[in-house]
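Take a look at the letters that make up each chain.
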Amino acid sequence: VLGAKDAKLGLRGLDMVLDANANGGTANLQFADGALYLPQVLEDPLIPVSALNTQFSWTVQGEQIKMHSDAVSFASPHAAGQARWSWRSGRPCRR
């Protein structure tokens, strides 16, 4: 599992292609027979991931950041499914 001692997150089995610049970018992620390591979140911190595939993109406009993925597919020994998601940063405070 990737991650330094006392890590908050670790990854094993991840292939990633990243294309980014100051205005945004895209990432393609693929897990195959890997794992997530979340020691500060779960009592049993190692979560096996049989497969996970997604492509997501983001844009940066000033202080606003938007991210989305139209297709996420995943499988583990306990669950499998598909999803899509989006996220954006909150509006900056005006003083």
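Residues numbered from 1 in each chain as written. Predicted model: local features only at pLDDT ≥ 70, side-chain atom pairs only at ≥ 80, totals over all residues. Heavy atoms only, no water.

K.L.:
Explain the sheet that holds strand E2 (residues 24-37) to me, and be specific about the residues and the numbers.
P.N.:
Ordered by their spatial adjacency, five strands build an open sheet running E1-E2-E3-E4-E5, and the pairing between neighbours is antiparallel. Both edges of this open sheet fall to strand E1 (10-21) and strand E5 (80-88), since each of them pairs with a single strand only. The sheet shows a mean angle of 10 degrees between the axes of neighbouring strands, direction not considered. Here eleven bridges tie E1 to E2, and the two strands are oriented antiparallel to one another. Within the sheet, the bridge partner assigned to Gly10 lies in E2 and is Tyr37. (Pairing = 2+ DSSP bridges. Helix = DSSP H or I, 4+ residues; strand = E, 2+ residues; numbered from the N terminus. Axes fitted to C-alpha atoms, helices over the stretch in contact; angles between N-to-C directions.)

K.L.:
Before we move on, could you go through the environment of Gln64 and cite the residues and values that matter?
P.N.:
Checked against the element boundaries, Gln64 lands in strand E4 (residues 64-75). A C-alpha to C-alpha distance of 7.3 Å links Gln64 and Arg88, two positions 24 residues apart in sequence. A polar side-chain atom of Gln64 sits 3.3 Å from the main-chain carbonyl oxygen of Gly90. (Polar contact = N/O pair within 3.5 Å; in protein donor to acceptor, adjacent residues only side chain to side chain.)

K.L.:
How would you sum up the packing of aromatic side chains? Please name residues and give values.
P.N.:
Overall, the coordinates contain two aromatic pairs when judged by the stated rule. A ring pair is formed by Phe56 and Trp58, whose centres lie 5.8 Å apart and whose planes are at 40 degrees; its orientation type is tilted. In this structure Phe56 comes out as buried when scored by relative accessible area, which is 16%. Measuring from centroid to centroid gives 5.9 Å for Phe56 and Trp85, while their planes differ by 50 degrees, and the two rings are tilted. Here Trp85 lies in strand E5 and Phe56 lies in strand E3 (residues 46-61), a separation of 29 residues in the sequence. Given the relative accessible area of 33%, Trp85 is considered partly exposed. The rings of Phe56, Trp58 and Trp85 are connected pair by pair, giving a single aromatic cluster. (Phe/Tyr/Trp six-rings, centres within 6.5 Å; stacked < 30°, edge-to-face > 60°. Buried < 20%, exposed > 50% of the residue type's maximum accessible area, 1.4 Å probe, protein only.)

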